[in-house]
Amino acid sequence: MSQPLPQRPSYQALSAHYLSAKDLHLRDLFAADAERGTRLAVEFEGLYFDYSKQRVTEETIDLLIKLAEESDLDGRRAAMFSGEHINITEDRAVLHTALRAPRDAHISVDGHDVVPDVHEVLDRMGAFAERIRSGEWTGHTGRRIRNLVNIGIGGSDLGPVMAYEALKHYSQRDLTFRFVSNVDGTDFVEKTLDLDPAETLFIVSSKTFTTLETMTNATTARSWLLAGLGSESDNSPVAKHFVAVSTNAEKVAEFGIDTANMFGFWDWVGGRYSMDSAIGLSTMIAVGPDGFGQLLGGFHSIDEHFRTAPLRENIPALMGLLTVWYSDFFGAQTQAVLPYDQYLNRFPAYLQQLTMESNGKSVSLDGARVDYATGPVYWGEPGTNGQHSFYQLIHQGTLTIPADFIGFWHTLNPVGEHHDYLTANVFAQTEALAFGKTAAEVLKEGVDESLVPFKVFEGNHPSSTLMVDSLTPYTLGQLIALYEHSVFTQGVVWSLDSFDQWGVELGKVLAQRVIPELQDTAEPQLHHDSSTNELIHRYRAARPA
């Protein structure tokens, strides 16, 4: 294991370098280097990553790369790709990269080649997807399935929702897709309100088939189906209207699902890294096996880029190192991700789990509490909506908010001049954030002197611009993998286990204790704090008799 982060020579050098670099303005950096805009950029397979508007110099990048080397990024990366148990708190391999490995690859976990297993599941998923897409699969009454409802939560929901929205252009439009995750009954009611049970198939995604939210919604879905088919006393329709993504065959069968229609995955697949596993069944049905294969190909291309490219030309590594630079030295607590494509409207939400569940940690790999910043908050909305809401804070607020702008050279929906206007905003916003507007420039516009302070833009707000040819299944896979490996790079530098999520457990455990206290007919003996006890008393008093 590498030295504690603050003791690494490159980290100490970065601390000293920050004192001289923090006051450099992007106006001056560009003025001093006519080639900066093209030199601080990396191109790979149609991806163009421009990081010239980041508050960095050549020395900054050199030191960040040295920090990655001292943090053993090469060794940790090799360990991940080779199937070593780098998830140390759960003693598991971390092999989401195996989910998109080609059929002729060989990747072993504890001496077992997992690639054939992956492709066996993919083949079964493909055959099933084609049966749904073609209309061959019918429901209990013999009618074609036209509605697909994915029931899951966390990684079993966010990935499928994001992928469906992102790839809607390529989806089979005579099929309706809905996604239920929240245990709030409103989510289920609204998502099924206009659906015909006879034409609806539910995909229940839960590795253990015991997740509270998922199984509550699945049980409600079963009751909704049977009532809609007039079959409350007969569970047999379930087998034609439910399939499972799970590893618990006993629970799946007990629910009424035919285990022949159960699609499994493995403990070396973390939930937030699972959308390209069987968790992506709804995605495969939407875009077809070929489209899903292209998605996997995009993932794999970035896997190979991250694995083999020198760090100075390695897009996800640079993204991760820049996040460390702003989090640990500038005190930036958030990272904005701003996709300029409406299809990516759920991409920032997806990244929230990927990044914050991975690196929202305060304990290092050796069990010691860290004394440096980790895991910024990721957030964002598609442009240009955000420009008319929160961009004000980024432009003229007091916070340092690094931003990733994602744009596309070509639109999937060429309507008039829309795409020119959209893309102009990408370029204009990054320019405005970097260079701002000085008081002298404001005065030249004839603005009254009393208003000048309000119309000055300090600039020097850091951003990267990631331009992609167009949004396809392949490029979506690339985009997701870029952030996956950026998160990995951050975790390696911060000495974190980026693949466990113990922080989600405590609230779930306590909820199981509180549920019967809300529902018991007899007044329960409460042993919480005074606030929680009072809230429980008030909820019980408000419940219908």
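Residues numbered from 1 in each chain as written. Predicted model: local features only at pLDDT ≥ 70, side-chain atom pairs only at ≥ 80, totals over all residues. Heavy atoms only, no water.

### Overview of the overall build of the chain
Check the secondary structure of the chain and you find 21 helices and 13 strands. Radius of gyration (C-alpha) of the chain: 25 Å, near the 24 Å computed for a compact globule of 545 residues. Along the three orthogonal principal directions, the C-alpha set of the chain runs to about 80 × 60 × 55 Å. Residues counted as buried form 53% of the 545 residues belonging to the chain. Sequence separation of 24 or more characterises 72% of the internal contacts of the chain that already satisfy a separation of 6 or more. Measuring between centres, the 41 positive side-chain charges of the chain sit 3 Å from its 71 negative side-chain charges. (Helix = DSSP H or I, 4+ residues; strand = E, 2+ residues; numbered from the N terminus. Rg over C-alpha atoms; globule rule 2.2 N^0.38 Å. Buried < 20%, exposed > 50% of the residue type's maximum accessible area, 1.4 Å probe, protein only. Contact = heavy atoms within 4.5 Å. Lys, Arg positive; Asp, Glu negative; His and termini not counted. Charge placed at Lys NZ, Arg CZ, Asp CG, Glu CD.)

### Some details on the environment of Ser358
With respect to the secondary-structure elements, Ser358 resides in helix α14 (residues 347–359). Once the C-alpha coordinates of Ser358 and Asp500 are considered, the two residues, 142 residues apart in sequence, prove to be 7.0 Å apart. Setting aside residues no more than four positions away along its own chain, Ser358 makes contact with Arg272, Tyr273, Gln353, Val487, Asp497 and Ser498.

### Examining the pairing of strand β1 (residues 41–44)
As a general feature of sheets, a regular strand has side chains that alternate between the two faces. Alignment of β1 against strand β2 (residues 47–50), held across 4 bridges, turns out to be antiparallel. When the bridges of β2 are listed, Val42 appears paired with Phe49. Linking two consecutive strands that pair antiparallel, namely β1 and β2, is a turn of 2 residues; a positive phi of about 45 degrees is found at Glu45 within it. (Pairing = 2+ DSSP bridges.)

### What about the environment of Asp117?
With respect to the element layout, Asp117 can be found in helix α6 (residues 115–134). Since its relative accessible area comes to 26%, Asp117 is described here as partly exposed. C-alpha of Asp117 to C-alpha of Arg346: the two residues are 229 residues apart in sequence and 30 Å apart in space. Not counting residues up to four positions away in its chain, the partners in contact with Asp117 are His112 and Trp266.

### So, the environment of His169
Mapped onto the elements, His169 comes out in the loop between α7 (158–166) and β6 (176–180). Measuring from C-alpha to C-alpha, the distance between His169 and Arg36 comes to 37 Å, with 133 residues separating the pair along the chain. Apart from the residues lying within four places of it in its own chain, the contact partners of His169 are Tyr343, Leu412 and Asn413.

### Re the packing of α14 against helix α19 (residues 473–494)
It is at 10 Å that the axes of α14 and α19 come closest, and there the two elements cross at 20 degrees. Judged by the angle between their axes, α14 and α19 are roughly parallel. The two elements α14 and α19 cross, and the hand of that crossing is right-handed. Residues Phe347, Tyr350, Leu351, Leu354, Thr355, Ser358 and Asn359 of α14 touch α19, and the partners they reach there are Leu479, Ile480, Tyr483, Glu484, Val487, Gln490, Gly491 and Trp494. (Axes fitted to C-alpha atoms, helices over the stretch in contact; angles between N-to-C directions. Parallel < 35°, antiparallel > 145°, perpendicular 65-115°, else oblique. Left-handed = near helix turned anticlockwise from the far one by under 90°.)

### Side note on the sheet that holds strand β7 (residues 200–205)
Backbone hydrogen bonds are what pair the strands of a sheet, in a parallel or an antiparallel way. Strand order in the open sheet formed by 5 strands is β6-β5-β7-β8-β9, with parallel pairing between adjacent strands. Pairing within the sheet leaves two strands with one partner each, and these edge strands are β6 and β9 (262–263). In this sheet, β7 lies alongside strand β5 (residues 147–151) in parallel orientation, the contact comprising 5 bridges. The partner of Ile151 across the bridge, within β7, is Val204.

### Description of α19
Counted at 1.5 Å a residue, the expected span for α19 with its 22 residues is 32 Å, and the 32 Å between its end C-alpha atoms agrees. Burial runs high along α19: 21 of the 22 residues are buried. Where α19 terminates, the next one or two residues include Ser495, which has phi positive at roughly 60 degrees. (Expected span 1.5 Å × (residues − 1).)

### So, the UniProt feature "active site" (unreviewed entry) in the chain
Residues annotated by UniProt as "active site" (unreviewed entry) correspond here to Glu357, His388 and Lys508. Of the residues just listed, which span 152 residues, the most distant C-alpha pair is 37.3 Å apart, and they do not cluster in one region. Within the secondary structure layout, His388 lies in the loop between β11 (377–379) and α15 (391–396). Mapped onto the fold, Lys508 is located in helix α20 (residues 505–519). Since its relative accessible area comes to 41%, Lys508 is described here as partly exposed. (UniProt positions renumbered as here; feature names shortened; annotations may be inferred.)

### Examining the side chain of Asp303
As for its placement among the helices and strands, Asp303 is situated in helix α12 (residues 281–308). A distance of 2.8 Å separates polar atoms of two side chains, one belonging to Asp303 and the other to His485. Filtering out sequence-adjacent residues up to four positions away, Asp303 remains in contact with Phe81, Thr97, Arg100, Ala481 and His485. (Polar contact = N/O pair within 3.5 Å; in protein donor to acceptor, adjacent residues only side chain to side chain.)

### Side note on the nonpolar core
Among the nonpolar cores identified, the biggest contains 119 residues, and Trp268, Ile285, Trp325, Phe347 and Leu476 are the most heavily contacted of them. Leaving out residues up to four positions away in the same chain, Leu476 has contacts with Met162, Ala163, Ala166, Leu167, Leu295, Leu344 and Leu471. Counting 20 residues, the second-largest nonpolar core is a separate cluster that includes Val180, Ala221, Leu226 and Ala244. (Core = buried A, V, L, I, M, F, W, Y, C linked by side-chain atoms within 4.5 Å.)

### Side note on the packing of aromatic side chains
If you walk through the whole model with that rule in mind, you get 28 aromatic pairs. When the centroid spacing of 6.3 Å and the interplanar angle of 85 degrees are considered together, the rings of Tyr391 and Phe405 count as edge-to-face. Here Tyr391, found in helix α15, pairs with Phe405, found in strand β12 (residues 403–408); they are 14 residues apart in sequence, far enough to count as distant. Residue class for Tyr391 comes out buried when judged on its relative accessible area of 2%. Taking the ring centre of Phe306 as reference, the NZ or CZ of Arg77 above it sits at 5.4 Å. Here Arg222 stacks its cationic end above the ring of Phe255, 4.2 Å away from the centre of that ring. (Phe/Tyr/Trp six-rings, centres within 6.5 Å; stacked < 30°, edge-to-face > 60°. Lys NZ or Arg CZ within 6 Å of the ring centre and 35° of its normal.)

### Here's the deal with α6
Look at α6: 28 Å from first C-alpha to last across 20 residues, which is about the 28 Å you get at 1.5 Å a residue. Of all the positions in α6, only Val115, Val118, His119, Val121, Leu122, Met125, Gly126, Phe128, Ala129 and Ile132 are classed as buried. On its buried face, α6 is in contact with β4 (112–113), β5, β7, β8 (242–245), β9 and α12. Looking one or two residues past α6, Gly135 carries a phi angle of roughly 90 degrees, positive in sign.

### Things to note about the sheet that holds strand β10 (residues 334–339)
Pairing within the open sheet is mixed, and its 6 strands lie in the order β1-β2-β13-β12-β10-β11. Since the sheet does not close on itself, it has two edges, and those belong to β1 and β11, each with one partner. The sheet shows a mean angle of 15 degrees between the axes of neighbouring strands, direction not considered. Two strands pair when backbone bridges link them, and β2 and strand β13 (residues 463–468) are joined in this way by 3 bridges, in the antiparallel orientation. Pairing of Tyr48 across the sheet is with Met467, part of β13. Against the sheet, α14 engages β10, β11 and β12, with an angle of about 165 degrees to β11.

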